[in-house]
Amino acid sequence: MRAAFISIGQTPRVDLVPELGTWIDLVTRLRDGSEVVVGKNAIGDRVQQILDEIDSEAFDLSVLLCTGHLPSLRARGMYLESQTLVDHGVRALSGGADLLGVILPLAEQEEQFDRRPFAGKTLRFSHASPYRLHRLEEAARELAHADVIVMHCIGYTKAQRQRVARMSGRPVLLARRLVAAAIGQLV
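We now turn to the structure provided with this report. (Residues numbered from 1 in each chain as written. Predicted model: local features only at pLDDT ≥ 70, side-chain atom pairs only at ≥ 80, totals over all residues. Heavy atoms only, no water.)

Concerning the side chain of Gln48
Right, on to step 1. Position of Gln48 among the secondary structure elements: in helix α2 (residues 40–54).
Right, on to step 2. Classification of Gln48 as buried rests on a relative accessible area of 9%.
Right, on to step 3. For Gln48, the side chain forms a polar contact with the main-chain nitrogen of Arg74, separated by 2.7 Å. (Helix = DSSP H or I, 4+ residues; strand = E, 2+ residues; numbered from the N terminus. Buried < 20%, exposed > 50% of the residue type's maximum accessible area, 1.4 Å probe, protein only. Polar contact = N/O pair within 3.5 Å; in protein donor to acceptor, adjacent residues only side chain to side chain.)

So this is what it looks like as structure tokens:
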């Protein structure tokens with residue numbers, strides 16, 4: 001199976017691809033590791049342009065490696081939108097949970113967060129950039145009363161998930177791992 005992975009950040013994604021590779025057989029980050037905030041509309045247009053360009057290369061699977069919801073994207077063949085995978089995976093894995101803690105990269109993203117997949121759940125938010133970790137432990141403490149914590153960005157790593165779990169004492173779901181599990185079923 002030929003798969004195309006579309007990143008919002010610059011490539012190569014040395015922070016992401018090696019870790020995904022351990023789980024499958026196969027806000028964003030610049031090449032130098034620094035963080036940059038990008039506009040959703042401009043990103044949506046650019047990702048659609050990339051999907052159109054790779055359309056002729058006959059990939060069996062295209063995967064958007066970002067949990068930002070970009071509903072207007074169109075792709076030929078099988079297309080996986082990470083946010084949909086993460087949200088439905090979280091919903092399935094947190095059936096008995098009433099209070100979900102959600103860590104996002106930026107505080108401003110709380111207002112944009114799609115709450116529909118979590119109807120009937122109480123959501124509490126905190127923020128910590130996956131690329132500048134000065135708030136990660138604070139975010140973990142702020143959400144320590146949640147039934148489950150979701151690290152809702154592909155940029156968060158396994159090591160960061162372990163830190164949040166240790167600091168909060170709560171189970172923690174990692175976006176990139178939920179996406180990797182779905183891809184692993186397809187390849």
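Here we look at the pattern of salt bridges
Pairing between side chains becomes possible if they bear opposite charge and their charged atoms approach one another.
Right, on to step 1. Tallied over the entire structure, the rule returns 6 salt bridges.
Right, on to step 2. Residues Arg135 and Glu138 are paired through a salt bridge, measuring 3.1 Å at the closest nitrogen-oxygen approach.
Right, on to step 3. Owing to a relative accessible area of 13%, Arg135 belongs among the buried residues under this scheme.
Right, on to step 4. Each of Arg135, Glu138 and Glu142 takes part in a single network of salt bridges with overlapping partners. (Salt bridge = Lys/Arg side-chain N within 4 Å of Asp/Glu carboxyl O.)

Quick notes on the state of the cysteines
Right, on to step 1. Applying the stated criterion across every chain, the model contains 0 disulfides.
Right, on to step 2. Just so you know, Cys66 is unpaired, no disulfide at all, and the nearest cysteine sulfur is the one on Cys153, 6.9 Å from it.
Right, on to step 3. Residue class for Cys153 comes out buried when judged on its relative accessible area of 7%. (Disulfide = S-S within 2.5 Å.)

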